[in-house]
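Here are the chains, one letter per residue:
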Amino acid sequence: MTTEETQSRGERRWIVLGEDGRHVTLGRHSDPSPDEIAQAEAGLAAQGLAGWLAVMEGAYYQPGKPSLMVVRPLCSPERPFAEAADAFQAARKAKLDGMQ
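Presented here is a report on the structure given in the accompanying data block.

Looking at the side chain of Arg92
- Inspection of the secondary structure puts Arg92 in helix α3 (residues 81-99).
- Buried and unpaired, Arg92 has Asp97 as its nearest opposite-charge partner, separated by 8.4 Å.
- A polar contact of 2.6 Å, which involves the side chain of Arg92, links it to the backbone oxygen of Gln62.
- Discounting residues that sit within four places of it in the chain, Arg92 has contacts with Ala59, Tyr60, Gln62, Pro63, Gly64, Lys65 and Pro66.

Following this line, the structure appears as structure tokens:
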């Protein structure tokens, strides 16, 4: 593994992953508090959305896929986490391809 790959794998952040693959970052350098998680879940519910609290490891804007690990569901998602993760990776790839 190259130094660049090692550094990009070291990036870790908490995210809220929506069923459609959209995401927002909750924290990069510390774990989100229970209040922050509750606020994120309330925000999803207010918009009629659902998703998961997840951990993303790897750099978003670097080559290679960041890994996603589900922590827990938020607002009772109806789609499987794997479908949301695939949508996330597809949207990320499209964004990266558009930047080149």
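Don't stop here, the text continues.
A word on the nonpolar core
- By size, the foremost hydrophobic cluster in this structure holds 11 residues: Ile15, Leu17, Trp52, Ala54, Met56, Tyr60, Leu68, Phe81, Ala84, Ala85 and Phe88.
- Where this core is concerned, the elements lending two or more residues are β1 (12-18), β3 (51-57) and α3.
- In contact with Met56, not counting residues within four places along its chain, are Glu11, Arg12, Arg13, Ile15, Pro66, Ser67, Leu68 and Phe88.
- With eight residues, the next largest nonpolar core counts Val16, Ala40, Leu53 and Val55 among its residues.

Topic: the layout of surface pockets
- Taken as a whole, the largest pocket encloses approximately 280 Å³ of empty space.
- What lines the largest pocket is a set of 14 residues, among which Val16, Gly18, Val24, Leu44 and Leu49 lie closest to the centre.
- Going through the elements one at a time, β1, β2 (23-27) and α2 (34-46) are the ones with two or more residues in the lining of the largest pocket.

Some remarks on the sheet that holds β1
- In spatial order, the strands read β2-β1-β3-β4; together these four strands make up an open sheet with antiparallel pairing. Both outer strands of the open sheet, β2 and β4 (67-74), are each paired with one neighbouring strand and no more. Neighbour-to-neighbour, the strand axes of this sheet turn through a mean angle of 30°, independent of strand direction.
- Note: β1 against β2, four bridges, orientation antiparallel. Looking at β2, one finds that Trp14 is bridged to Gly27.
- Lying on the sheet, α2 is in contact with β1, β2, β3 and β4; it crosses β4 at an angle near 75°.

Criteria and thresholds
- Residues numbered from 1 in each chain as written.
- Predicted model: local features only at pLDDT ≥ 70, side-chain atom pairs only at ≥ 80, totals over all residues.
- Heavy atoms only, no water.
- Helix = DSSP H or I, 4+ residues; strand = E, 2+ residues; numbered from the N terminus.
- Buried < 20%, exposed > 50% of the residue type's maximum accessible area, 1.4 Å probe, protein only.
- Lys, Arg positive; Asp, Glu negative; His and termini not counted.
- Salt bridge = Lys/Arg side-chain N within 4 Å of Asp/Glu carboxyl O.
- Polar contact = N/O pair within 3.5 Å; in protein donor to acceptor, adjacent residues only side chain to side chain.
- Contact = heavy atoms within 4.5 Å.
- Core = buried A, V, L, I, M, F, W, Y, C linked by side-chain atoms within 4.5 Å.
- 1 Å grid on protein atoms, 1.4 Å probe; cavity = no way out; pocket = protein on both sides within 12 Å on 5 of 7 lines; lining within 4 Å.
- Points joined across faces, edges and corners; volume = space filled by probe spheres on them.
- Pairing = 2+ DSSP bridges.
- Axes fitted to C-alpha atoms, helices over the stretch in contact; angles between N-to-C directions.

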